[in-house]
Amino acid sequence: MNGDVCADFQLDAMLAFHRQQDRPVLTLMGTEAVHSQSVHFGCIVENKLTHQVKHYVEKPESYVSSLINCGVYILSPEIFNIIATTIKAKTMDDLSEDFSTLSNSSSRRVSRQRSLSGASVSETLSLENDLITRLAVTGGAYVYYTQGWWSQIKTAGAAIYANRHCLKLYHNAHPSWLAQSEKGKAGPQIIGDVFIHESAKIHPSAVIGPNVSILSHVEIGAGTRIRDSIILNDVVIDENCCILNSILGWGSRIGSWSRIEGTPNDPNPDKAFAKLEHMPLFSDSGFLNPSVTILGAKVNVPSELMVLNSIVLPNKDLSHSYKNQIIL
């Protein structure tokens, strides 16, 4: 499994699918993407009847297929034989290239150095470029199609989008894990899906949610409003603050009447199968692209300040408000 993906992983169903195939070596999870976005992923061409992978291209330069690789795999032990065969073939290719280069005496020293290090280079394999492409030709690769939620997490801002969907999964599978407002009981007003660690202390007049995760030993003062945000361990938020579309790092402190706000970067809701766009940090004109606001660990924001669409590195004591800036 790739480390930069988050999804409704249907692993039991995927394993059952893998075992049903004819001599499977590899099964990869696939999902649908819009044509314009598909080129940013590994693209799969499958046999619609057998779901066998017939062609695979990693991040093609032009459109190949709207069926994309989710980065989740099930492998049979036979994959080790495929790896050994692939390494051997790559080593032979390297040696052949070295011998052809030796014919040029001016390149003799360079080619010898390459031959000495060639084994280590050849033993580096890419699952997508070396193995899946090979299996698409020889057979043994299958695609398990999922209609469940899936997204890459390429930027810190993408964590807000992932947090929302993870909380939705909790709502469906483990609703007891989420916080709820209880009638007749003193406590903060909870809107939508919210996770609050049991050690957090939140004033009853605070309003939390939707789509908020609050971790351990967080303290939140009276009248504070938090929405679409992640509050990490040991954060202290004083009274009457507003936190929107933001990630607050460990041990940060937000003074009273301060506002921390970012801009969400959600997929286009009008396009079926649209994925999260991972915008570059800066625009072509050199300005910071609007995104969620992120405070690093132990950032101190004094009272009555605003931090909008900004990134603040750890251990900073802010002296005034900031907008669309990176605070180094």
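Everything here concerns the structure above.
This structure is a prediction, so every number in the text was calculated from the model and none was measured.

Student: I tried to follow the nonpolar core on my own but got confused; where do I start?
Tutor: Where a protein is soluble and globular, its nonpolar side chains tend to be buried together. With 28 residues, the main nonpolar core has I208 and I237 as its most contacted residues. Ranked by size, the runner-up nonpolar core spans 16 residues in total, among them V25, V53, Y56 and L135.

Student: Explanation requested: the sheet that holds strand β21 (residues 293-295) in the structure shown.
Tutor: Strand pairing in a sheet is mediated by backbone hydrogen bonds. Such pairs are either parallel or antiparallel. Spatial ordering of the open sheet is given by β9-β12-β15-β18-β21-β24-β26, a layout of 7 strands whose pairing is parallel. Two strands close off the open sheet at either side, each with one partner strand: β9 (194-196) and β26 (326-327). The sheet contacts of helix α6 (residues 158-173) involve β9, β12 (212-214), β15 (229-231) and β18 (246-248), and relative to β15 the element is tilted by about 90°.

Student: Looking at this model, I keep getting lost on helix α5 (residues 127-138). Mind explaining?
Tutor: Listed in full, the buried residues belonging to α5 are E128, D130, L131, I132, L135 and A136. G139 occupies a position one or two residues after α5 and carries a positive phi of about 100°.

Student: What is the right way to read unusual backbone geometry from this model?
Tutor: For residues besides glycine, phi is generally negative; the peptide bonds are generally trans as well. The residue after G209, namely P210, is reached through a cis peptide bond having omega 0°. With respect to the helices and strands, the residue P210 is situated in the loop between β11 (207-208) and β12. Phi is positive for H217, which is not a glycine, with a value near 60°. In this structure, H217 sits in the loop between β12 and β13 (219-220). In this model, K298 sits at a positive phi of 55°, which is unusual for a non-glycine residue.

The rules behind each value
- Residues numbered from 1 in each chain as written.
- Predicted model: local features only at pLDDT ≥ 70, side-chain atom pairs only at ≥ 80, totals over all residues.
- Heavy atoms only, no water.
- Core = buried A, V, L, I, M, F, W, Y, C linked by side-chain atoms within 4.5 Å.
- Buried < 20%, exposed > 50% of the residue type's maximum accessible area, 1.4 Å probe, protein only.
- Pairing = 2+ DSSP bridges.
- Helix = DSSP H or I, 4+ residues; strand = E, 2+ residues; numbered from the N terminus.
- Contact = heavy atoms within 4.5 Å.
- Axes fitted to C-alpha atoms, helices over the stretch in contact; angles between N-to-C directions.

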